[in-house]
Amino acid sequence: MGADIKSKIKMQNAKCKMTMQDSKIRKLKGANMDIDLISDKKDIHWEQDKCPWNMRENTNEHKCAVKNISICKYFKGIEYPDIVVCGYKK
Ligand code: SF4
């Protein structure tokens, strides 16, 4: 992970702590998101787990959320900062 990214994450964590202390966290419904676990390793600079459904079917077809289109039936949400909560059980 590059120094620039580390410093951005530190700043983001500090901002989050400050916001929580100031009680300014809001939980807003209806976000329109693109979320997936299908990045090519050479295109990203962080570790990324693989979708268990894609692994089982040996594909990159399944995405957690596709903006304006759909949400995966196994998608259970996001935990800070970038954790997909997935209910896929097979
Ligand atoms: S919610 Fe789970 S099964 Fe669905 S696309 Fe995301 S990681 Fe894959």
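Above this text is the structure in question.
Residues numbered from 1 in each chain as written. Predicted model: local features only at pLDDT ≥ 70, side-chain atom pairs only at ≥ 80, totals over all residues. Heavy atoms only, no water.

Colleague: In this structure, what is going on with the pairing of strand 4 (residues 83-86)? I would like to understand it.
Modeller: Across a regular strand the side chains alternate sides, sitting on one face of the sheet and then on the other. Across 4 bridges, strand 3 (residues 75-79) lies against strand 4 in antiparallel orientation. Looking across to strand 4, one finds that Gly77 is bridged to Val85. Here strand 3 hands over to strand 4 after 3 residues, the two strands then running antiparallel side by side. (Pairing = 2+ DSSP bridges. Helix = DSSP H or I, 4+ residues; strand = E, 2+ residues; numbered from the N terminus.)

Colleague: Sorry, what's going on with the nonpolar core here?
Modeller: Where a protein is soluble and globular, its nonpolar side chains tend to be buried together. In terms of nonpolar packing, the biggest core is built from 9 residues, these being Ile35, Cys51, Trp53, Cys64, Ala65, Cys72, Tyr74, Phe75 and Tyr88. Leaving out residues up to four positions away in the same chain, Cys72 has contacts with Trp53, Lys63 and Cys64. (Core = buried A, V, L, I, M, F, W, Y, C linked by side-chain atoms within 4.5 Å. Buried < 20%, exposed > 50% of the residue type's maximum accessible area, 1.4 Å probe, protein only. Contact = heavy atoms within 4.5 Å.)

Colleague: Would you take a moment to explain unusual backbone geometry for this structure?
Modeller: Across the chain, the bulk of peptide bonds are trans and the bulk of non-glycine residues have phi less than zero. Along the chain, Tyr80 connects to Pro81 via a cis peptide bond; the corresponding omega equals 0°. Position of Pro81 relative to the elements: it lies in the loop between strand 3 and strand 4. Its identity is not glycine, yet Asn58 carries a phi of approximately 50°, on the positive side. Secondary-structure assignment places Asn58 in the loop between helix 2 (52-57) and strand 1 (65-66).

Colleague: Any chance you could explain the site of the ligand here in plain terms?
Modeller: Inspection of the region around the ligand gives Leu37, Cys51, Pro52, Trp53, His62, Lys63, Cys64, Cys72, Tyr74, Phe75, Cys86 and Tyr88 as its neighbouring residues. Looking at side-chain class alone, the shell around the ligand contains 10 nonpolar, 1 polar and 1 charged residues. (Near = heavy atom within 4 Å. Nonpolar A, V, L, I, M, F, W, Y, C, P; charged D, E, K, R; others polar.)

Colleague: Teacher, can you tell me more about the environment of Ile38 here?
Modeller: By the secondary structure assignment, Ile38 is in the loop between helix 1 (3-21) and helix 2. The exposure class assigned to Ile38 is partly exposed, which follows from its relative accessible area of 21%. Residues Ile38 and Lys50, 12 residues apart in the sequence, show an inter-C-alpha distance of 6.9 Å.

Colleague: Explain the side chain of Asn54 to me, please; I cannot follow it from the model alone.
Modeller: One can find Asn54 in helix 2. From its side chain, Asn54 meets the backbone nitrogen of His62 in a polar contact 2.9 Å long. Discounting residues that sit within four places of it in the chain, Asn54 has contacts with Ile38, Thr59, Asn60, Glu61 and His62. (Polar contact = N/O pair within 3.5 Å; in protein donor to acceptor, adjacent residues only side chain to side chain.)

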